[in-house]
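Each chain, written out:
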Amino acid sequence: MLNRLTFALGLGLFAAMTLAAPPAPRADEKAAAAAKAAPITGTIKSITGVKVEITVEGEKPSWVKKGAGIKLPDIKGGLGKIVDVTATTVVFNTKKASELKVGGKVVVEKGPPAPAGC
């Protein structure tokens, strides 16, 4: 009887210690956090309503493609969606286009996926 009680207490203590310890991060989560998507920098070529066209400086990262969600880190609430990509330009829609100026520099980061209706 005493052996069963000792075993049950030991098992309970082991379970409590195991559940209390935070889970170790997986290797692929560490790699994903370390490999944050590179932003693109460009000069604003034109603004038409909510559509903004920029000329990209340097190479475009692999995440830059039609339909990708973006965010403008310099503008609060600056989210949008890429609508066209060419060799040297990127065109995106954003509700905050009125806060941008033609000829100005802009940084575009990978953002959350855009809703289907945008």
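See the structure shown above.
Draft legend 1. Spatial organisation of the overall build of the chain. A count of helices and strands for the chain gives 2 helices and 6 strands. Reading the helices (α) and strands (β) of the chain from amino to carboxyl end gives α-α-β-β-β-β-β-β. The buried share among the 118 residues of the chain stands at 25%. Look at the contacts in the chain between residues 6 or more apart in sequence, and 58% of them connect residues 24 or more apart.

Draft legend 2. Broad picture of the pattern of salt bridges. Counted according to the given criterion, the structure contains 4 salt bridges. E57 is the partner of K105 in a salt bridge, and the nearest nitrogen-oxygen pair spans 2.4 Å. Note that K105 is positioned in strand β6 (residues 105-110) and E57 in strand β2 (residues 51-57), a separation of 48 residues in sequence. For K105, a relative accessible area of 59% puts it in the exposed group. Its relative accessible area of 37% is what places E57 among the partly exposed residues. Of the charged contacts, one joins E109 and K71 as a salt bridge, the two residues approaching to 3.9 Å between their closest N and O atoms. In this pair, E109 is assigned in strand β6 and K71 in strand β3 (residues 69-71), connecting sequence segments 38 residues apart. E109 gets classed as buried once you look at its relative accessible area, which sits at 17%.

Draft legend 3. Fine view of the pairing of strand β5 (residues 89-94). Most of β5 is tucked away, with 5 of its 6 residues classed as buried. Strand direction decides the pairing type here: β2 and β5, joined by 5 bridges, are antiparallel. Its bridge partner being in β5, T55 is matched across the sheet by T89. Between strand β4 (residues 79-85) and β5, which pair antiparallel in sequence order, lie 3 residues.

Reading the values: rules and limits
Residues numbered from 1 in each chain as written. Predicted model: local features only at pLDDT ≥ 70, side-chain atom pairs only at ≥ 80, totals over all residues. Heavy atoms only, no water. Helix = DSSP H or I, 4+ residues; strand = E, 2+ residues; numbered from the N terminus. Buried < 20%, exposed > 50% of the residue type's maximum accessible area, 1.4 Å probe, protein only. Contact = heavy atoms within 4.5 Å. Salt bridge = Lys/Arg side-chain N within 4 Å of Asp/Glu carboxyl O. Pairing = 2+ DSSP bridges.

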